[in-house]
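Chains, contacts and geometry: an overview
What follows is the residue order along each chain.
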Amino acid sequence: MSLFDILAILGKVAFVLAVVLGSVPLIVWFERRGSAWIQGRVGPNRVGPFGLFQPFVDVVKFATKENFVPRDSSKVYYHLAPALAVVAPLAAFAVIPFGSQIIVMGQAIQLQITQLDIGILAILAFAGLEIYPVMLAGWSSNNKYGVFGALRGSSQMMSYEIAFGLSLASMLLVYGTFDLNEMVRYQQNTFFGFLPKWGILLNPLSFLIFLIAIFVETNRLPFDLPEGDSELVAGYHIEYGATKFMMFFFAEYVAMIMASSVLVTLFLGGYATLPGVGLLIHTLGISLDLTSDNQQNLLALGQVTSFIFKVALIMIFYVWVRWTLPRFRFDQLMNLGWKILFPLSLINLMFVASFLAWIGG
Amino acid sequence: MIEALTLAVVILSIMMILAKNPINSAFCLVILMICLGGIYAAIGAHFVAALQIIVYAGAVMVLVVFSIMLMNLNETRSSIDLRSPSVLLAVGATVVLLAILTISFFEWQTATLKPVSGPYTLEAIKQLGGNVFALSAMMFAKGYIQFELIGLLLPVAVAGALVLAKRKVD
């Protein structure tokens, strides 16, 4: 491995980390302002323009709070849980492609931290580990509300992993590959020459099931029963304060960004440029008289921007849903998971498989 | 890389057996499963590595930890009676195992190991288009009857679990 390759990988890791971690304060700000707007309030508007610096002040507030540890807690697991909560979703970003490739000094750099032929399975592996911080945090802090939150969290995550996996399996049948890059390449084709061949148009039911499942997996309203504040005070992270609570808070948003990136890659064309952007880049490339390398770089810029734009749309949807729908009851949640989504995703999988066998693809 | 992971697996399995707290024991097993996945990934079997983590660390061990937490098992202070027959049996079995290991170690020193080559060498897998394609061709083209039979086992297991659970409730 040459120095160039090592630098390229380090650069990609730094870029992904900077974008993901840097966008969390922005989303928190949007969540607070957006909720205020939906509920007819003003929201935080004192710190900086439009209250944009509020999240940074919050970080200072968290960092300067008392750093307490409950007396009867299991110390190792109590400290391990928030760290694991951040690490598991962050690690999954390693296989998500956010652009085709850029050309630096005549060498092509794939815009994906690592390209594995198992792609999506690596994401599933890391997503499976996301249950542990919830269970650990609730159990180790030795609090009844915490344990209830942990039990609710782990049971709902396990239940919805089935619908999640089955809707994913139907998309794997459509694309015929585990490789996320090839999935995006497939979605760059078009129907009848103008309609993009995105997963959402190929298999809308699977998209719907996947969307509901990621709301449950990330513990967001209307499925935030593990931390339901009116019943469990704060659920599994009730005994966490100061920076340790901030890590859970951070982890929730990192997991949301991760889930949205997977959703975008599978169903919304991934880094495929938005309709019109491709034409814009093409005319721009010709009018500026760029070399073919620079044209590719410009295209990659358009792709990365399109990807971030799509993920941002899903994040806005997350916030919108959170402040619109009330919380489900636990039996309703389980009924929805086991009696509606599970059979529906199974039927969808059977239908997709037989349809593909019928058209012989 | 493999050496470090193998050492970790050995140490973790010893810790798992010796841990007094069942939660510690379970978490040693979780990390052990992830290390095993790491070993598979290090020898280039990414597919098996991912399955190892998804199935064992992500599903099986979650259920184990879940049930330990639900039953609220605490540290067990077992007093071992050195004169009980089970201890004697265990000591005897350990001596026999160690003897076998020592003998096989010296045998291995003298004998030359011949690699057994199956049809799936690294080149053959690459020609088939990767681990996933090789495995799926094997599973769905050559051994589809066996695959379906194993699939039949799952409903049987579910029905069995239901029967067992229902008897307790009635």
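Please refer to the structure higher up on the page.
A brief look at the structure comes next. (Residues numbered from 1 in each chain as written. Chains lettered and ligands numbered in written order. Predicted model: local features only at pLDDT ≥ 70, side-chain atom pairs only at ≥ 80, totals over all residues. Heavy atoms only, no water.)

**Remarks on the interface of chain A and chain B**
The test is simple: In what follows, residue pairs with any heavy atoms lying within 4.5 Å of each other are defined as contacts. Buried area counts how much accessible surface, traced with a 1.4 Å probe, disappears from two parts once they are put together, with both parts' losses summed. The rule for a salt bridge is simple: a side-chain nitrogen of Lys or Arg has to be within 4 Å of a carboxyl oxygen of Asp or Glu. By the criterion applied in these results, polar contacts are pairs of N or O atoms within 3.5 Å in which, for protein atoms, one can donate a hydrogen and the other can accept it, and in which residues neighboring in sequence qualify only through two side-chain atoms. Under the scheme used here, helices are H or I runs from DSSP no shorter than 4 residues and strands are E runs no shorter than 2 residues, and both carry numbers assigned from the N terminus. Each residue gets one of three labels, nonpolar for Ala, Val, Leu, Ile, Met, Phe, Trp, Tyr, Cys and Pro, charged for Asp, Glu, Lys and Arg, and polar for the others, Gly among them.
Across the boundary between the two partners, chain A contributes 20 residues, which contact 23 residues of chain B. Around 1,900 Å² of area is buried between chain A and chain B when both sides are counted, 80% of it from carbon and sulfur atoms. Along the contact surface separating chain A from chain B lie zero salt bridges. Counting the contacts that link chain A with chain B gives three residue pairs in polar contact (both at pLDDT 80 or more). Of all elements in the fold, only α4 (120-128), α5 (131-140) and α6 (144-175) of chain A reach the threshold of two or more residues within the side of chain A that touches chain B. For the side of chain A that touches chain B, a count of residues per class yields 15 nonpolar, four polar and one charged.

**Some remarks on the pattern of salt bridges**
Side chains that carry opposite charge are capable of pairing whenever their charged atoms lie near each other. All names here are of chain A. Short version of the rule: Throughout, exposure labels follow a simple rule: accessible area from a 1.4 Å probe, protein chains only, divided by the maximum for the residue type, with under 20% read as buried, over 50% as exposed, and the rest as partly exposed.
Summed over the entire model, instances satisfying the criterion amount to six salt bridges over all chains. In this structure, the salt-bridge partner of arginine 327 is aspartate 224, at a minimum N-O distance of 2.7 Å. Of this pair, arginine 327 sits in the loop between α13 (292-322) and α14 (330-359) while aspartate 224 sits in the loop between α9 (204-217) and α10 (229-232), and the two are 103 residues apart along the sequence. Note on aspartate 224: relative accessible area 7%, which makes it buried. Residues joined by salt bridges that share partners form a network here, namely Glu31, Arg220, Glu252 and Arg322.

**Regarding the packing of α5 of chain A against α6 of chain A**
Helix packing for two helices is described by the angle between their axes and how far apart those axes are. Residue and element names in this part refer to chain A. To keep it simple, the criterion reads: Between N-to-C directions, angles cover 0 to 180 degrees, with each direction set by a line fitted to C-alpha atoms, over the stretch in contact for helices. When an angle is under 35 degrees it counts as roughly parallel; over 145 it counts as roughly antiparallel; between 65 and 115 it counts as roughly perpendicular; any other value is oblique. Helix crossings get a hand from a simple test, with the near helix turned counterclockwise from the far one by less than a right angle marking a left-handed crossing and a clockwise turn marking a right-handed one.
Viewed as axis vectors pointing N to C, α5 and α6 meet at an angle of 160°, and their least axial separation amounts to 7 Å. For the element pair α5 / α6, the angle class is roughly antiparallel. When you trace α5 past α6, the crossing you get is left-handed. Facing Ile131, Val134, Met135, Gly138 and Trp139 of α5, the residues of α6 in contact are Gly146, Val147, Gly149, Ala150, Gly153, Ser154, Met157, Met158 and Glu161. Looking at side-chain class alone, the contact of α5 with α6 contains eight nonpolar, five polar and one charged residues.

**With respect to the environment of alanine 163 of chain A**
Residue and element names in this part refer to chain A. With respect to the helices and strands, alanine 163 occurs in helix α6. Residue classification places alanine 163 among the buried positions, given a relative accessible area of 1%. For the pair formed by alanine 163 and tryptophan 198, sequence separation is 35 residues and the distance between their alpha carbons is 21 Å.

None of this, on its own, says anything about what the molecule does.
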